[in-house]
Amino acid sequence: MSGFRPFIVGIGGTTRPGSSSEKALRYALALAAAQGADVEMFDGASINLPMYAPESAVRTEGARRLIAALQRAHGVILSTPCYHGSVSGLVKNALDYTEDMGKDAEPYLDGRAVGLIVCGHGWQSTGVVLSAFRSIVHALRGWPTPMGVAINTLVERFDEQGAALGEQSARQMAIMVGQVMEFARLRSLLASMTNQGVAAS
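Residues numbered from 1 in each chain as written. Predicted model: local features only at pLDDT ≥ 70, side-chain atom pairs only at ≥ 80, totals over all residues. Heavy atoms only, no water.

## A few points about the pattern of salt bridges
Tallying each qualifying case throughout the model produces eight salt bridges. Residue Asp100 is joined to Arg59 by a salt bridge in which the shortest nitrogen-to-oxygen separation is 2.7 Å. With a gap of 41 residues between them, Asp100 in the loop between helix H3 (89–96) and strand E4 (113–120) and Arg59 in the loop between strand E2 (38–42) and helix H2 (61–72) connect regions that are remote in the sequence. Residue classification places Asp100 among the partly exposed residues on the basis of a relative accessible area of 33%. Among the ionic pairs, Lys92 bridges to Asp96, the shortest N-O distance being 2.6 Å. With Lys92 and Asp96 both in helix H3, this residue pair falls four residues apart, about one helical turn. Through salt bridges that share partners, Glu22, Arg26 and Asp43 make up one connected network. (Salt bridge = Lys/Arg side-chain N within 4 Å of Asp/Glu carboxyl O. Helix = DSSP H or I, 4+ residues; strand = E, 2+ residues; numbered from the N terminus. Buried < 20%, exposed > 50% of the residue type's maximum accessible area, 1.4 Å probe, protein only.)

## A look at the pairing of strand E1 (residues 7–12)
Of all six residues that make up E1, six are buried, and the element is covered over most of its length. Here E1 shows no split at all, with Phe7, Val9 and Ile11 on one side and Ile8, Gly10 and Gly12 on the other all buried. The sheet contact formed by E1 and E2 spans five bridges and is parallel. Bridging across to E2, Gly10 finds its partner in Met41. Read as a crossover between parallel neighbours, the route from E1 over helix H1 (residues 20–34) to E2 is right-handed. Pairing geometry for E1 and strand E3 (residues 75–81), over five bridges, is parallel. (Pairing = 2+ DSSP bridges. Right-handed = clockwise from strand over helix to strand, strands pointing away.)

## Points about the environment of Met51
With respect to the secondary-structure elements, Met51 resides in the loop between E2 and H2. Owing to a relative accessible area of 67%, Met51 belongs among the exposed residues under this scheme. For the pair Met51 and Tyr27, spaced 24 residues apart in the sequence, the C-alpha separation amounts to 28 Å.

Read these as spatial facts, not as claims about activity.
This is how it looks when you write it as structure tokens:
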């Protein structure tokens, strides 16, 4: 286990570079990397994909790269702006592509802890969207972390380096990332113990 490096995939942001949800995601992935994870980020430009079409087998290079990363992932961190009471269409469409993982041994986000970040103007929108985000992850068989991060951009901002200015959000972010990492490591340890037991028998 000492050499195990969880692979954490981050998905989020908007088509506007440097959005709050993008900076929040970069901040979270930097925390994961500092804790020994290998990370890959899919920002707004990376997930600006064609509308998911389940009836077509044609996939863009970006869509194939996203799915390949998710299939390898030990954990996932998602970040969305609050749009009209729910997650953005951009983020939701990216998650719709996980339908291509529906027949995998671990379908969709099964077996992966999923950390959630929402950024919005006001506490009402962030609370509603965080709840909706959890429901989406449940539907995809993922394990939403107990700590979800809601950032009220009316009172909190990220600086140009993407550092959280709010002490509470920074603390919540650290807890959420720690939970994603812990789940990934415990699951790897369990798989290793199971394999050793099978080999011994």
